[in-house]
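# Observations on chain architecture
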Amino acid sequence: MSIVQWLVFILFVQVIHGICTWKLYIAAGRKAWEAFVPVYNGIVLMQIINRPKWWIFLLFIPIINLLLFAAIWVETLRTFGKKSTLDMILGVATLGLYVGYVNYTQQVTYHKDRDLTPATKGLDFVGSITFAIVVATLVHSYLIQPFTIPTSSLEKSLLIGDFLFVSKYNYGARTPMTTVAAPMVHDTIPLVNVKSYTTWPQLPYFRFPGYEKIKNNDIVVFNWPTDTLYNMYKVADKRYDKPIDKKTNYVKRCVGIAGDSLQIKDGIVYINGKELILPERAKPQFFYKIKVKESSIQNIKDEYQITEAGSIFEINNKIWDNPSIKEELIKNYSFEEVDRDSINSYVNGGIDENLFKKLSLSFSNYYFYANLTNDKYEKIKTDSRIASVERRVSKVAEDGIFPDYKDGKPSVTNNWNVDNFGPIYIPKKGATVAINRASLPFYKKIIAEYENNDLQVNGGEILINGEKATSYTFKQDYFWMMGDNRHNSLDARFFGYTPENHIVGKPIFIWMSWDSNGEGIKNKIRWDRLFTTVSGEGQPQSYFKYFLIFLAGYFAFDYFRNKKKKKEVN
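Conventions adopted
Residues numbered from 1 in each chain as written. Predicted model: local features only at pLDDT ≥ 70, side-chain atom pairs only at ≥ 80, totals over all residues. Heavy atoms only, no water. Buried < 20%, exposed > 50% of the residue type's maximum accessible area, 1.4 Å probe, protein only. Helix = DSSP H or I, 4+ residues; strand = E, 2+ residues; numbered from the N terminus. Polar contact = N/O pair within 3.5 Å; in protein donor to acceptor, adjacent residues only side chain to side chain. Contact = heavy atoms within 4.5 Å. Pairing = 2+ DSSP bridges. Axes fitted to C-alpha atoms, helices over the stretch in contact; angles between N-to-C directions. Parallel < 35°, antiparallel > 145°, perpendicular 65-115°, else oblique. Left-handed = near helix turned anticlockwise from the far one by under 90°. Nonpolar A, V, L, I, M, F, W, Y, C, P; charged D, E, K, R; others polar. Core = buried A, V, L, I, M, F, W, Y, C linked by side-chain atoms within 4.5 Å.

### Side note on helix α2 (residues 40–48)
Those residues of α2 not exposed but buried are N41, G42, V44, L45, M46 and I48. Directly beyond the C-terminal end of α2, a positive phi value near 60° is found at N50.

### Details of the side chain of S157
Assignment of secondary structure puts S157 in the loop between β1 (144–148) and β2 (162–167). Classification of S157 as buried rests on a relative accessible area of 12%. There is a polar contact of 2.8 Å between the side chain of S157 and the backbone nitrogen of K283. When sequence neighbours within four positions are dropped, the list of residues in contact with S157 reads R253, R281, A282, K283, D484 and R529.

### Topic: the pairing of strand β7 (residues 261–265)
Because side chains alternate across β7, one face comprises the buried residues L262 and I264, and the other comprises S261, Q263 and K265, none of which is buried. Alignment of β7 against strand β8 (residues 268–271), held across four bridges, turns out to be antiparallel. In the strand pairing of β8, Q263 is matched with Y270. If you look at the hairpin formed by β7 and β8, you'll find two residues sitting between the two strands, and D266 has a positive phi there, around 50°.

### A short note on the packing of helix α4 (residues 64–79) against helix α6 (residues 97–105)
For the pair α4 and α6, the least separation of the axes is 10 Å and the interaxial angle reads 20°. Judged on the interaxial angle alone, α6 and α4 are roughly parallel. Crossing handedness for the pair α4 and α6: left-handed. Where α4 abuts α6, its residues W73, T76 and L77 lie against Y98, V99 and V102. A breakdown of the residues in the contact of α4 with α6 according to their chemical character gives five nonpolar, one polar and no charged.

### Let's talk about the nonpolar core
Counting residues in hydrophobic clusters, the biggest one holds 46 residues, and the most contacted among them are L262, F421, Y443, W480 and Y497. No other element matches the six residues that helix α14 (residues 440–450) contributes to this core. Contact partners of F421, with chain neighbours within four places excluded, come to L262, Q263, I264, I401, F402, W416, W480 and R493. Residues Y25, V44, I49 and L77 belong to the second largest nonpolar core, which totals 25 residues.

### Things to note about the packing of helix α1 (residues 3–27) against α6
Relative orientation and spacing of two packed helices are given, respectively, by the angle between their axes and the distance between those axes. In contact at an axis separation of 8 Å, α1 and α6 are set at 40° when each is read in the N-to-C sense. For the element pair α1 / α6, the angle class is oblique. As α1 runs across α6, the sense of the crossing is left-handed. Across the interface between the two elements, I16, I19, C20, T21, W22, K23 and L24 from α1 touch L97, V99, G100, N103 and Y104 from α6.

### Brief notes about unusual backbone geometry
Note on backbone geometry: most residues besides glycine have negative phi, and most peptide bonds are trans. The omega torsion across W200 and P201 is -5°, close enough to zero to call that bond cis. With respect to the element layout, P201 can be found in the loop between β4 (194–195) and β5 (219–223).

Structure (structure tokens):
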């Protein structure tokens, strides 16, 4: 909804409120017209039901206002003597319209000095829970949001099972765009596995000022721009067009900011022509082919804690030399040139069972693939049990690489892949670029989806909102998000630019880290990662012991304070 549409909607709600309550205002000694004046009618109503005026502020906060509206309907009914359980149920179930029914059909008495304490323990419990949800939703939406690392795209910088606190205020809190949603959940209600929101009405995008801008190398939480899944754990049965703030939350490193020129050469990111130097605590992983001598491959994996590795298959020489097999591979598996390495690379990611049998494949006892950090690579290559460690870099075009593919092949003349990519320009708000058939694939999603223009291509003509276009000016900033685990990350190399209005916040703190593969509770908790900061200079440092000292100090202080109070009473 646009700003104008929202103003019309708010005005409509105000008119409905006035129609449903003006006689109640009169019964409370106020004027009928006061029920129709936006905002002022709310202030007067808070006085009538004897509730704090600052509740009006909460009525303008999405999701929280849903809870507060229900509370106000109930409080209004109770103020005019409608206190039964049925009255309260009808007040909420009819979205407040039952108040209008009472307004026109009931002779009511205004109870100015009514008892504000809940009539039953049940109501007291409901009130306490509602207050807790309101406070938690405020914190969750505008200050700090808990977040869990579900995938290995940032291994070993952030680990699967890290529990983060994500700051909303560093980059500026974004007001919820989805106005009707269950509080404290994302796109799906747990257990029942149903959608947690309605797509209408939607608020326009707005972000409060932050105290810092996104910088190169910042780790950022954002909504996955191309998310069309019901939820991130459900196999897509069809396309789901989700509101921006209900798209799946992703966390990546922002390697390129608005206005940058970005290029990837042999897996190394270059910004504006210079190599991007990662912070010391970043642990990028690259793809290596490792050959052992006589040692067990599994022993090597276990000793070096290699969690992401793949087998390499060996091909029977007799089968390999069969020309018809090579022709079949080229035809069915799109190999430009079939050799042992290309087969190895392909089957590392999965192989058809029939092909496995036809080629008489078997697992190699000497070779395997692994994702390694630089530190782990340096250690392994000096190990006497290792014959060789060779970094593998993609050289040929890969399917699915941004910006656009048609029938599995690039629609733009390039040979880009995960290791060699670009250069590209990262759009900046207010910047203008030339638009033609060559450049359009880079920006068409921005123009048509992220910035809501009508984009049409008629032959050689490009039409934006019905007018011929040779250039385009961007309406917001964009960012380039990549995982540190360069060969196991669904990131910008596949889905492209991340718009500013998709930014959620900045991870600042790891309060818990859980290793599901650890044996026993003690080994499942990564103690060295508890209470560590995500960003900063040097290696991460745990503040867990300081937290324990603080906690012990607080309990000691509280114990002696209570002991002193008891002495004073006696």
